[in-house]
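# Examining the three-dimensional arrangement
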Amino acid sequence: MGRYVIRRLLQFIPTVLGTMFLLHYITSLAIQFSGNPVRALFGDRTPPPALLQAITERLGYGDPCLDRRGDPCLWRAAEGGGGWLGTGYEPGLFFDRLSGVFFHFDFGVNLRERAVTDLVADAIPFTFKLLLIAIVFEAVVGIAAGVWAGLRGGSFADNLVKISTVFIISVPIFVLGVVVREFVGVKFGNVLRGQDWIPDLISVGVFTPGFKPDYPFASLIIPGMVLGAVSLATTARLTRTSIMENIRADYVRTAKAKGLTNKRVIGVHTLRNSLIPVITFLGVDIGAAMAGAVVTETIFNVPGIGRLVTMSARTGESSVVIGVVTMLVLVVLLANLLVDLLYAVLDPRIRYE
Amino acid sequence: MSDLTSAGTAVGGGPVGGDGPVPNQPATGGKERSASLWADARRQLMRDPVFVIAFLYILVVGSMAAFPWLWTSQDPRDCNTNRSRLSPSAEHLFGTDILGCDYYAHAIYGARPSMVIALMATVAIVVVGGLLGLLAGYHGGWVDTIISRVMDIFFSLPFLLGAIVFLTVIKRQNIWTISLVLFLLAWPTIARIIRGSVISSKDLDYVHAAKAVGARNSRVMFRHILPNAIAPMLVYATIVLGSFVAAEATLTFLGVGLQPPAQSWGIMISAHQVYFLEDPWLLLFPCGLLVGTVLSFILMGDALRDALDPKFR
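- Looking at an unreviewed UniProt entry, one finds chain B named Peptide ABC transporter permease and attributed to Micromonospora endophytica.
- Quoted verbatim from the Subcellular location (unreviewed entry) field of the UniProt record, the comment on chain B reads "Cell membrane".

- In the annotation of an unreviewed UniProt entry, chain A is listed under the name ABC transporter permease and assigned to Micromonospora endophytica.
- Reading the Subcellular location (unreviewed entry) entry of the UniProt record for chain A gives the comment "Cell membrane".
- Among the UniProt annotations of chain A, the heading Sequence similarities (unreviewed entry) holds the following wording: "Belongs to the binding-protein-dependent transport system permease family."

## Some thoughts on the overall build of chain A
- Helix and strand content of chain A: twelve helices and two strands.
- Listing the helices and strands of chain A from first to last along the sequence gives α-α-β-β-α-α-α-α-α-α-α-α-α-α.
- A burial count over chain A gives 49% of its 353 residues as buried.
- A fraction of 66% describes how many contacts in chain A between residues 6 or more apart in sequence connect residues 24 or more apart.
- Taken as a whole, chain A presents about 17200 Å² of accessible surface, with 65% of it coming from carbon and sulfur.

## A short note on unusual backbone geometry
- Even without a glycine there, the phi angle at A:Asn301 is positive, about 60 degrees.
- Turning to its location among the elements, A:Asn301 is positioned in the loop between helix 10 (262-300) and helix 11 (305-315).

## Points about the interface of chain B and chain A
- At the junction of the two partners, chain B supplies 40 residues and chain A supplies 53 residues.
- A combined buried area of about 4400 Å² lies between chain B and chain A, and 80% of that area is made up of carbon and sulfur atoms.
- On inspection of chain B and its partner chain A, the count reaches one salt bridge.
- A salt bridge links B:Asp302 to A:Arg237; the shortest N-O distance between them is 3.9 Å.
- On the surface where chain B and chain A come into contact, there are zero residue pairs in polar contact (both at pLDDT 80 or more).
- Those elements that place two or more of their residues in the side of chain B that touches chain A are helix 1 (2-11), helix 5 (141-155), helix 6 (159-170), helix 9 (217-254) and helix 11 (281-308) of chain B.
- Per-element accounting of the side of chain B that touches chain A gives the leading share, nine residues, to helix 11 of chain B.

## A look at the UniProt feature "transmembrane region" (unreviewed entry) in chain B
Residues and elements named next belong to chain B.
- Mapped onto the present numbering, the UniProt feature "transmembrane region" (unreviewed entry) falls on residues 50-71, 116-138, 150-169, 175-194, 225-247 and 281-304.
- Taken end to end, residues 50-71 is 77% helix and 0% strand, and its first and last C-alpha atoms sit 25 Å apart.
- Structurally, residues 116-138 comprises 100% helix and 0% strand, and the distance from its first C-alpha atom to its last is 32 Å.

## Examining the environment of A:Lys258
- Topologically, A:Lys258 is positioned in the loop between helix 9 (250-257) and helix 10.
- The spacing of A:Lys258 and A:Thr165 is 93 residues in sequence and 36 Å in space, taken between C-alpha atoms.

## Notes on the UniProt feature "transmembrane region" (unreviewed entry) in chain A
Residues and elements named next belong to chain A.
- With numbering aligned to this structure, UniProt lists the feature "transmembrane region" (unreviewed entry) at residues 12-33, 130-151, 163-184, 217-238, 274-300 and 320-346.
- Here residues 217-238 is 82% helix and 0% strand, with 30 Å between the C-alpha atoms at its ends.
- Counting secondary structure, residues 274-300 comes out at 100% helix and 0% strand; the distance between its end C-alpha atoms is 35 Å.

## Let's talk about the nonpolar core
- Of all hydrophobic cores here, the largest spans 169 residues; its most connected members are A:Phe174, A:Val324, B:Ile164, B:Phe244 and B:Leu290.
- The dominant element in this core, judged by the number of residues it contributes, is helix 9 of chain B, at 20 residues.
- Of the residues that make up this core, three or more belong to each of domain 1 (19-104) and domain 2 (116-346) of chain A.
- Discounting residues that sit within four places of it in the chain, A:Phe174 has contacts with A:Val295, A:Ile299, B:Ala246, B:Ala249, B:Thr250, B:Phe253, B:Ile269 and B:Leu290.
- Counting residues in hydrophobic clusters, the runner-up holds six residues, among them A:Val147, A:Ile243, A:Leu275 and A:Val278.

## Digging into the side chain of A:Arg240
- Within the secondary structure, A:Arg240 is located in helix 8 (residues 221-246).
- What A:Arg240 contacts, discounting residues up to four positions off in sequence, is A:Gly146, A:Ala149, A:Gly150, A:Asp158 and A:Lys162.

## Focus on the domain arrangement of chain A
Residues and elements named next belong to chain A.
- Splitting chain A by domain gives domain 1 (19-104) and domain 2 (116-346).
- Between domain 1 and domain 2, the C-alpha centre-to-centre distance is 38 Å.
- On the domain 2 side, the residues contacting the ten residues of domain 1 number eleven residues.
- Contact between domain 1 and domain 2 buries roughly 810 Å² in total, counting both sides, with carbon and sulfur atoms accounting for 76%.
- Summed over the shared surface of domain 1 and domain 2, the result is zero salt bridges.
- For the pair domain 1 and domain 2, the number of links is zero residue pairs in polar contact (both at pLDDT 80 or more).
- For the side of domain 1 that touches domain 2, the secondary structure elements donating two or more residues are helix 1 (2-34) and helix 3 (93-103).
- For the side of domain 1 that touches domain 2, the element with the highest residue contribution is helix 1, accounting for four residues.

## Observations concerning the packing of aromatic side chains
All names here are of chain A.
- This model, assessed by the stated rule, comprises four aromatic pairs over all chains.
- Where Phe21 meets Tyr25, the ring centres are 5.6 Å apart and the plane angle is 10 degrees; that geometry is what we call stacked. In this pair, Phe21 and Tyr25 are both assigned in helix 1, four residues apart and thus about one turn of the helix distant.
- We classify Phe21 as partly exposed; its relative accessible area is 26%.

## Describing the packing of helix 9 of chain B against helix 11 of chain B
Residues and elements named next belong to chain B.
- In the contact formed by helix 9 and helix 11, the axes pass within 8 Å of each other and the chain directions differ by 170 degrees. In terms of orientation, helix 9 lies roughly antiparallel with respect to helix 11. Between helix 9, through Ala231, Leu234, Val235, Thr238, Ile239, Leu241, Gly242, Val245, Ala246 and Ala249, and helix 11, the contact on the second element is made entirely by Leu290, Thr293, Val294, Phe297, Ile298, Met300, Gly301, Asp302, Leu304, Arg305 and Leu308.
- Its residues placed into classes, the contact of helix 9 with helix 11 shows 15 nonpolar, four polar and two charged.

The rules we used
Residues numbered from 1 in each chain as written. Chains lettered and ligands numbered in written order. Predicted model: local features only at pLDDT ≥ 70, side-chain atom pairs only at ≥ 80, totals over all residues. Heavy atoms only, no water. UniProt positions renumbered as here; feature names shortened; annotations may be inferred. Helix = DSSP H or I, 4+ residues; strand = E, 2+ residues; numbered from the N terminus. Buried < 20%, exposed > 50% of the residue type's maximum accessible area, 1.4 Å probe, protein only. Contact = heavy atoms within 4.5 Å. Areas by Shrake-Rupley, 256 points an atom, 1.4 Å probe, with all protein chains shown as cover. Buried area = accessible area lost by both parts, 1.4 Å probe. Salt bridge = Lys/Arg side-chain N within 4 Å of Asp/Glu carboxyl O. Polar contact = N/O pair within 3.5 Å; in protein donor to acceptor, adjacent residues only side chain to side chain. Core = buried A, V, L, I, M, F, W, Y, C linked by side-chain atoms within 4.5 Å. Domains from an automatic or database assignment. Phe/Tyr/Trp six-rings, centres within 6.5 Å; stacked < 30°, edge-to-face > 60°. Axes fitted to C-alpha atoms, helices over the stretch in contact; angles between N-to-C directions. Parallel < 35°, antiparallel > 145°, perpendicular 65-115°, else oblique. Nonpolar A, V, L, I, M, F, W, Y, C, P; charged D, E, K, R; others polar.

Below you can see the structure in the form of structure tokens.
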């Protein structure tokens, strides 16, 4: 296993560099083909050239390579002539960004020169709570539903889980979010708020159409459940399939034959092995959940990272979008790495050599 | 987008049986089950009510996208604020929207951008992803290493985040750029599926036989290996059409997709979400159409997978 871990860690470096380059190249190409993104901030008005120049420089779009279509911005002609190892070139925009991210923890600034890291630091507690609720919800409910369906293959429970998972998969998360917000948060919430005997924590806090700063945890429960709902379906299906596979295994029959209680056979012998793929999925799903948080936070007005991304995207503050997404991608890569390492620990059959 | 990942895991069932017959082979008499895999699949699909209903629904939505004038004689841009937010009636089947435009016509014309984007992006990922997967699986070695590493890199960029960054920076949010970004971020999945089924079928006897009689690489790839890899690709392409329809609507809802003068279901949903309490149909009609389309594509993909996998027979 040691060799596997070392190899996986070594593979991590080129993957991070490659992903950073992909992100960098996509944004550079977009700028090269559609012109200076700073102009979008002014709408129809023509900004004074000096102002445009100043903002462009400040947001880091001043590099001349962003005017050459298709240029990956890897190298630039050195000013002094010598350059790097005497080639006449020195590391360009891509390497500037890399060193900014990895050595100075610098992900860019917004229009008011606030660092993106500050903006994210303000927003992260909300997103973190939201993700926590979503993951707990999808793990608990998804695994429970999957076990229930898997143990009774072909029965009513099985079909119910199968059909409802197909439905949940096919409802885009923003449709689900908007409908839940209006039906549960507004309509049902209004009914609850009309009753005197229901505590405010429930009627105003939980069943709310949007985030309430007075109830920082309660008002995130429904958004979190919406966020978890989509992966809930996949979790349930995965658990169901893997329970169905394992229930026929020899060691389960042995456990039954030697007279263990049903609870122990299912809970210890079957479930433990069946949960390996599910745990992997939940880990990988953190990335998808972060992307989903963009949608959920926008719908429920949660002041987290996701809403920061959408709001900046709508106002055209592309430097913030690039910075935040770069940061999120790094987190996702790290999560994937941890899942892979955990996988090697959990499953003794795996000997990657 | 988790739709895409779930579609990916749903398809991960591996390739269909390695030594299935070449498609379109004429049925030869004599044996009891003599039909080809595809004829069998067609017969099974036609008997499956879920598939037939989903297929008919897609035909309806497809004809809305291709020939909207067959479905409505009203112009969705013929608006009059005097009739803002009318309830559904015989004259206006879905009522009218906030600007007083006919909502039914808007819904019909709104099918086109979603379907066109989904179709263009899917064709692109099938062609490019399929070709790269075929090359990687067939040649192996350093070709495989390079293509697989590039796929890994694209995989690690979460779909929605990548799309938001690209569409924010490029500012031109139209059918072409949205299809382009969907294609760019989704091709590795299909390449990986094809690569897997090519690797599993490239060592089969008939491939060796074809090589032994001197077939060129391209002939072996396209005539002998590709037909075996087509079934899982077809299943995935069907499901991914649904996820692309959903992805387009999601991006539009977030404000980085199509912009309001255009007509699309995503715009209908995002523009009318605040009127839900008074006029819920403004939200429910586009949501219903959208969910129905995505659901139909996913159900069709599921039915196709069951029909094309001989192990389920």
